[in-house]
Every structure is written in structure tokens, then in C-alpha cells.
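Descriptive structure summary
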Amino acid sequence: MVVPFSPSSLRRLILRAAAAPALVAVLLGCSLDQEEEVRAQVQDWVKLGETYYFFSRVNCTAALFEVKASRISSMVKKVRNVDAGMRAITEGEAVAFEIPGMSPTVVTEKIMTRDLPQGLGVLSSGTGGKDCMAIEMEEAYFNALLDPTSVLIFEPEEKFMAVFDRRNRRLFFSRGRSS
């Protein structure tokens, strides 16, 4: 038995069928970042080697890069205390918190203690990329966050965090977009 379609229901069916592949293509092509763009954002700060990991989708990006040198360049403002770093963030400057004996986690906690909204901005950038991390990368990232030899780098305008894991010569990149 053939069920006839009304002209309007047939038109809706055709439009939906035609739109579905386009929608899938758009969704598959949507990502928060492209690898080349992420590399360009951080390569002036540290000497990058190969990309170990990169994954981005519409709401998050996570990347892991080899670092060829242990020094952070002068292209990013380096600070030795939390207050100087917070001033830089307020002025919209990217900042590297090179504070001896203080892990990126401790730096974030100190910022949150002094200015909760600013601290939450740093924290959400750092945790925002977690959903794009492979399990092994997630573990390495959290170890780097707890390591007092690691350096937290925060870019307030682009809203991302990078963690320079000096001990293992690698740079983690994390960005999330709130819904």
C-alpha cells in the first residue's frame, strides 16, 4: 500500500534529506581551534618541536607539544609573583608565572584567593580543554599542574592556558568554550 504525501509534507521531507549531509559536514568541520593557529599562538613563547597530540571540537581544544629549549622567551611577560601576574592579566597581557617553588595549581589558587572572578577565568581556561584530552594526556597534564617546576602561562584575550612542563620539556595547551 502506497501512502501519498501531501505537497507540503513531501517538500519538508526533501528539504530535510537535502539539509542532513550539509549539517553533518558543518558539524564535523567545526572545531574551536586549528593546530596551526594554536602553534602560532604559543611558538613565540617557547621553541616548539613536534606535535604530540592535538584535538579540537566545537567546545574545547587540547594540545601537547614537544619543547626544544627550557627557556621561555621575552615575547611573553614573565612574572615572579602572583600580584604582578594579576596586573598583567587585568591589562590583557599574556603572562608566564615563573614563581620558584609554586606549581600552576598553587598559582591558580592564589589568584582565586585574591580575586575570585579572575581566578575562575584562569581555572576555567585550564580545565576547559579536559574534555578534548586522551586519558594518558589528562594524567600527564594534571601531573604538570602539580609540579612546582612547571610554569603556568595564561592568555586572557584568547582565553587559553598553557602549562610549560619543564621537567619533561613539553607544553600543554587547554581552552574551553562555555555553553
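Relevant structure appears above.
Now for a quick tour of the structure.

Reading guide: rules and limits
- Residues numbered from 1 in each chain as written.
- Predicted model: local features only at pLDDT ≥ 70, side-chain atom pairs only at ≥ 80, totals over all residues.
- Heavy atoms only, no water.
- Disulfide = S-S within 2.5 Å.
- Helix = DSSP H or I, 4+ residues; strand = E, 2+ residues; numbered from the N terminus.
- Core = buried A, V, L, I, M, F, W, Y, C linked by side-chain atoms within 4.5 Å.
- Buried < 20%, exposed > 50% of the residue type's maximum accessible area, 1.4 Å probe, protein only.
- Contact = heavy atoms within 4.5 Å.
- Phe/Tyr/Trp six-rings, centres within 6.5 Å; stacked < 30°, edge-to-face > 60°.
- Salt bridge = Lys/Arg side-chain N within 4 Å of Asp/Glu carboxyl O.

For the rest of this paragraph, the subject is the state of the cysteines. When the sulfur atoms of two cysteines share a covalent bond, that bond is a disulfide. According to the stated counting rule, one finds 1 disulfide in the structure shown. Each sulfur in the disulfide pair cysteine 60 and cysteine 132 lies 2.0 Å from the other. As the torsion about the S-S bond is roughly 75°, the cysteine 60-cysteine 132 disulfide counts as right-handed. Linking cysteine 60 in strand β2 (residues 60-67) with cysteine 132 in the loop between α5 (116-128) and α6 (135-146), this pair joins segments that are 72 residues apart in sequence.

Positioned with a positive phi, lysine 159 is a non-glycine residue whose angle comes to about 55°. Tracing the backbone through its elements, the reader meets lysine 159 in the loop between β5 (151-155) and β6 (160-165). Even without being a glycine, arginine 169 presents a positive backbone phi close to 50°. With respect to the helices and strands, arginine 169 occurs in the loop between β6 and β7 (170-176).

Attention now goes to the nonpolar core. By size, the foremost hydrophobic cluster in this structure holds 28 residues, and its most contacted members are Phe97, Ile111, Val122, Tyr141, Met161, Val163 and Phe172. Where this core is concerned, the elements lending two or more residues are β2, α3 (82-90), β4 (95-97), α4 (104-114), α6, β5 and β6. Apart from residues no more than four positions distant in its own chain, isoleucine 111 is found in contact with Val82, Met86, Phe97, Leu116, Gln118, Gly119 and Val122. Grouped together as the second largest cluster of nonpolar side chains are 19 residues, Ala63, Val67, Val76 and Ala162 included.

Further remarks concern the packing of aromatic side chains. The description of an aromatic ring pair uses the distance of the two centres, along with the angle that the planes make with each other. One pass over the full model with this rule turns up 4 aromatic pairs. Here phenylalanine 160 and phenylalanine 173 contribute two aromatic rings whose centre-to-centre distance is 4.6 Å and whose plane-to-plane angle is 35°, an arrangement assigned as tilted. In this pair, phenylalanine 160 is assigned in strand β6 and phenylalanine 173 in strand β7, connecting sequence segments 13 residues apart. By the burial criterion, phenylalanine 160 is buried, and phenylalanine 173 matches it.

Applying the stated rule across the entire model yields 8 salt bridges. Across the pair aspartate 83 and arginine 114 runs a salt bridge whose closest N-O atoms are separated by 3.1 Å. A residue pair is termed long-range when its members are at least 10 positions apart, and aspartate 83 in helix α3 and arginine 114 in helix α4 qualify at 31 residues. Among the ionic pairs, arginine 170 bridges to aspartate 165, the shortest N-O distance being 2.9 Å. Relative accessible area serves as the criterion here: at 2%, aspartate 165 is assigned to the buried category. Here the salt bridges share partners, and the residues they tie into one network are Asp33, Glu158 and Arg175.

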